[in-house]
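# Notes for the structure review
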Amino acid sequence: MDNCTPTQARKNLFKIASDVNNNHNVISVNNVRKPNQDMVIMSKNDYKRMLETMHVINNGQLQESLDRSKNAKKEDFIDITNGINWDDL
């Protein structure tokens, strides 16, 4: 189930919870009567990973790391963390 109505989501909540957590699927809940109130259901771990990825992309760290790795010699040690404490993100 990739798309459903709010009623279907209520009826299948436990199946949806299992699906998003075990298979990393994102469920779109489409409110036909109020389309501006559509939503998605995803696992908390996938949501946290998405936020972390967006943070790294938005602050330029990802591009900087990629640029450094392209310019480095194979024998060079590359510290792509640049002092970032990933646990604090």
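To be clear, the structure that these remarks concern was listed above.
Here's what I pulled together on the structure shown here.

Parameters and conventions
Residues numbered from 1 in each chain as written. Predicted model: local features only at pLDDT ≥ 70, side-chain atom pairs only at ≥ 80, totals over all residues. Heavy atoms only, no water. Pairing = 2+ DSSP bridges. Helix = DSSP H or I, 4+ residues; strand = E, 2+ residues; numbered from the N terminus. Salt bridge = Lys/Arg side-chain N within 4 Å of Asp/Glu carboxyl O.

### Details of the sheet that holds strand β3 (residues 39-41)
The 3 strands are arranged β1-β2-β3 in an open sheet whose pairing can be described as mixed. The sheet terminates laterally at β1 (3-4) and β3, the two strands that pair on one side only. Taken together, the 3 bridges between strand β2 (residues 27-29) and β3 define a ladder with antiparallel strand orientation. Each residue of the ladder has a partner; that of S28, found in β3, is V40.

### As for the pattern of salt bridges
Tallying each qualifying case throughout the model produces 1 salt bridge. For the salt bridge of D46 with R49, the shortest nitrogen-to-oxygen distance reads 3.2 Å. Here D46 and its partner R49 are both found in helix α3 (residues 44-58), 3 residues apart, which amounts to about one turn of the helix.

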